[in-house]
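Each chain, letter by letter, is given below.
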Amino acid sequence: KVLKFKIPLMKNAAKPLVSALGMGGVLFILTRLTGLFSFGRLVNGGVTLFLVFVGIGVYGVLMLFTGGVTKQELQDISPRLYGKIPSGIRKYMK
């Protein structure tokens, strides 16, 4: 109110929400698939760590596809980071 600046909450929250739901769906399916097998504690820890990294990757890719993170934002952070994104994903970025 003081700055007379409104932030559109639904517009800014929709893309991360869609990405989070997609990540949750993928991880839910993978968790169910890995739950079919009986592993020891050490292997379960490794599977959990693997699923965390898969979740990070899925969320990141979905944020790039939905436009939650733009090409300009990535280039502002680090041009090298933008260069490491596969060209198949880069062509869909906004």
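All values derive from a computational prediction rather than experimental measurement.

Student: Can you explain the nonpolar core? Please cite residues and give values.
Tutor: The biggest cluster of nonpolar side chains holds 6 residues, and these are Leu64, Leu74, Tyr82, Ile85, Ile89 and Met93. In this view, isoleucine 85 contacts Leu64, Leu74, Arg90 and Met93; residues no more than four positions away in its chain are not counted. By size, the runner-up hydrophobic cluster in this structure holds 5 residues, among which are Val47, Leu51, Val54 and Val58.

Student: Requested: an account of the side chain of serine 19, with residues and values cited.
Tutor: Residue placement: serine 19 occurs in helix 1 (residues 9-34). Beyond its immediate sequence surroundings of up to four residues, serine 19 is in contact with Tyr59, Leu62, Met63 and Thr66.

Student: Account for the environment of threonine 70, with residues named and values stated.
Tutor: Relative to the assigned elements, threonine 70 resides in the loop between helix 2 (41-66) and helix 3 (71-77). Each residue touching threonine 70, except ones within four places of it in the same chain, is listed here: Met93 and Lys94.

Student: So what's going on with helix 2? Which residues, and what values?
Tutor: Across its 26 residues, helix 2 extends 37 Å between first and last C-alpha, which sits within 8% of the 38 Å expected from 1.5 Å per residue. For helix 2, the full list of buried residues reads Val47, Leu51, Val54, Gly55, Val58, Met63 and Leu64. Packed against the buried residues of helix 2 are helix 1, helix 3 and helix 5 (87-90). Once helix 2 ends, the next one or two residues include glycine 67, with phi positive near 90°.

The rules behind the values
- Note that residues are indexed from 1 along each chain, following the sequence as it is written.
- Totals for whole chains, interfaces and linings use every residue, but because this is a predicted model, local features are given only for residues with pLDDT of at least 70 and side-chain atom pairs only at 80 or more, for both listing and counting.
- Excluding hydrogens and water, the side-chain figures rest on all heavy atoms present in the structure.
- Within this scheme, the nonpolar core is defined by two criteria: the residues are buried Ala, Val, Leu, Ile, Met, Phe, Trp, Tyr or Cys, and they are joined through side-chain atoms within 4.5 Å.
- For the exposure calls, accessible area comes from a 1.4 Å probe over protein chains only, and a residue counts as buried if that area is under 20% of its type's maximum, exposed if over 50%, partly exposed in between.
- The contact criterion used is simple: two residues touch if any of their non-hydrogen atoms lie within 4.5 Å.
- The way it works is that DSSP assigns letters per residue, a run of H or I at least four long becomes a helix, a run of E at least two long becomes a strand, and they are numbered from the N terminus.
- A helix is expected to span 1.5 Å multiplied by its residue count minus one.

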